[in-house]
Amino acid sequence: MKCEDFLFLNNQVCVIVGAANPRSIGYATAELFAHYGAQIAILDVAVTDTTQAALRTAMSAKVGREVDLLCIPCNIVDPVACDRAMQMVVEHFGQIDSLINCAGIVRSEGMLDIPSQDLALMLDVNLKGTFHTCQSALAFFTKQQKGTIVNLASVAAQRGGGLVGGAHYAASKGGVVSLTKSIAREFGPQGIRANVICPSMTETGMLDGNVTEEQFNQVVAGIPLRRAGKPLDIANACLFLASDLAAYITGHTLDVNGGGHIH
Ligand SMILES: NC(=O)c1ccc[n+]([C@@H]2O[C@H](COP(=O)([O-])OP(=O)(O)OC[C@H]3O[C@@H](n4cnc5c(N)ncnc54)[C@H](O)[C@@H]3O)[C@@H](O)[C@H]2O)c1
């Protein structure tokens, strides 16, 4: 076997949405994909000139070569911004092979305390935002007659809310699961795959201020593997689903939860 055979994503262009925070699942995915040979575009509402330079330096140092990293500020709530960002990726790299949707927000209110503007924001970012980036990427995938999508939902969608997210978060993630299955069914005949990952509690900035140490320890005690997820755990699953290792897998919901929800 040649060395390149292990570069599962050699010369592939991968768009990772929601990767500007170095502690995020998206960033871990971008770094891992770069390690396996991909060219990376990061779309995130938090991208600035400063974050862009810092991400490029950190990623190149980790991967051990100069990574051709394109960072585009993009609020996925805006479908026009998503179209524009995807167009910029194609102008820069010439194609898009994979879209990994990691952007998201969480809130912890109980159902009766959720103001309608919080519900609207949750659905706007988590569900409609994912819908928008998928639509924008699919416009290119259908021309290419190939492409893969990996969306990030949550165990909250499966078990009726979670520790961190309220009913609005769970509902938005349930929508992401349904959306992904619909894409898999509609676009499979065109060589396009779509899968969704349901992580459980993962150690990223998303937990900051949303989970007390006591709650964190309580959740970990109920997980058979006795630890919370790490961003790399989820990134590894994204790598599998985006690569040809998963060439015959589409419409699948992959649990990455340490056994915390076995069903
Ligand atoms: N961390 C967990 O415990 C956990 C558990 C289950 C599911 N998830 C899901 O995994 C995904 C990644 O989560 P994370 O923990 O890395 O979160 P994170 O908060 O660390 O990172 C999310 C990223 O999304 C970006 N973002 C937020 N709103 C955006 C918008 N409107 N447009 C563009 N970018 C936007 C942020 O700037 C940030 O860089 C999310 O969809 C989350 O719901 C996380």
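Each remark here, short or long, concerns the structure printed above.
Residues numbered from 1 in each chain as written. Predicted model: local features only at pLDDT ≥ 70, side-chain atom pairs only at ≥ 80, totals over all residues. Heavy atoms only, no water.

Re the overall build of the protein
Link 1 in the chain: What the protein contains, in helices and strands, is 8 helices and 7 strands.
Link 2 in the chain: Expected size for 263 residues packed as a compact globule is a radius of gyration near 18 Å; at 17 Å, the protein falls within 12% of this value.
Link 3 in the chain: Principal-axis analysis of the C-alpha atoms places the extent of the protein at approximately 50 × 40 × 35 Å.
Link 4 in the chain: Taken over 263 residues, the protein has a buried fraction of 49%.
Link 5 in the chain: Taking contacts inside the protein between residues at least 6 apart in sequence as the whole, the part at least 24 apart equals 76%.
Link 6 in the chain: Counting only carbon and sulfur atoms, one obtains 56% of the accessible surface of the protein, whose full area is about 12200 Å².
Link 7 in the chain: The positive charge centre, built from 18 side chains, and the negative charge centre, built from 23, are 5 Å apart in the protein. (Helix = DSSP H or I, 4+ residues; strand = E, 2+ residues; numbered from the N terminus. Rg over C-alpha atoms; globule rule 2.2 N^0.38 Å. Buried < 20%, exposed > 50% of the residue type's maximum accessible area, 1.4 Å probe, protein only. Contact = heavy atoms within 4.5 Å. Areas by Shrake-Rupley, 256 points an atom, 1.4 Å probe, with all protein chains shown as cover. Lys, Arg positive; Asp, Glu negative; His and termini not counted. Charge placed at Lys NZ, Arg CZ, Asp CG, Glu CD.)

What about the pattern of salt bridges?
Link 1 in the chain: In total, this model carries 6 salt bridges according to the counting rule given.
Link 2 in the chain: Asp-208 serves as the salt-bridge partner of Arg-23, at 2.9 Å between the closest nitrogen and oxygen. Of this pair, Arg-23 sits in the loop between β1 (13-17) and α1 (25-35) while Asp-208 sits in the loop between β6 (192-199) and α7 (213-221), placing them 185 residues apart in sequence.
Link 3 in the chain: One salt bridge in this structure joins Lys-128 and Asp-124, with 3.4 Å as the shortest N-O distance. Of this pair, Lys-128 and Asp-124 both sit in helix α4 (residues 116-144), 4 residues apart, which is roughly one turn of the helix.
Link 4 in the chain: Among the residues examined, Asp-124 registers a relative accessible area of 23% and is labelled partly exposed. (Salt bridge = Lys/Arg side-chain N within 4 Å of Asp/Glu carboxyl O.)

A closer look at unusual backbone geometry
Link 1 in the chain: Although it is not a glycine, Asn-11 adopts a positive phi angle of roughly 65 degrees.
Link 2 in the chain: Mapped onto the secondary structure, Asn-11 falls in the segment before β1.
Link 3 in the chain: Of note in this structure, Gln-145 is not a glycine but carries a positive phi near 60 degrees.
Link 4 in the chain: Among the structural elements, Gln-145 can be located in the loop between α4 and β5 (147-152).

Concerning empty space enclosed by the protein
Link 1 in the chain: For the structure on display, the rule yields 1 cavity of 30 Å³ or more.
Link 2 in the chain: The computed volume of the largest cavity comes to approximately 30 Å³.
Link 3 in the chain: Along the walls of the largest cavity sit Asn-101, Cys-102, Ala-103, Asn-126, Thr-130, Asn-151, Leu-152, Lys-173 and Val-176, which together make up its complete lining.
Link 4 in the chain: Mapped onto the lining of the largest cavity, the elements with two or more residues apiece are α4, β5 and α6 (167-187).
Link 5 in the chain: By residue class, the composition of the lining of the largest cavity is 4 nonpolar, 4 polar and 1 charged. (1 Å grid on protein atoms, 1.4 Å probe; cavity = no way out; pocket = protein on both sides within 12 Å on 5 of 7 lines; lining within 4 Å. Points joined across faces, edges and corners; volume = space filled by probe spheres on them. Nonpolar A, V, L, I, M, F, W, Y, C, P; charged D, E, K, R; others polar.)

Here we look at the environment of Leu-254
Link 1 in the chain: Looking at the element boundaries, Leu-254 is found in strand β7 (residues 253-256).
Link 2 in the chain: Sequence-wise, Leu-254 and Cys-198 are 56 residues apart; in three dimensions their C-alpha atoms are separated by 6.0 Å.
Link 3 in the chain: Leave out the neighbours within four places in its chain, and Leu-254 touches Val-196, Ile-197, Cys-198, Ala-237 and Leu-241.

Re the side chain of Thr-133
Link 1 in the chain: As for its position among the elements, Thr-133 is in helix α4.
Link 2 in the chain: Those residues in contact with Thr-133 that lie beyond four places of it in its chain are Val-17, Ile-76, Cys-82, Met-86, Leu-99 and Asn-101.

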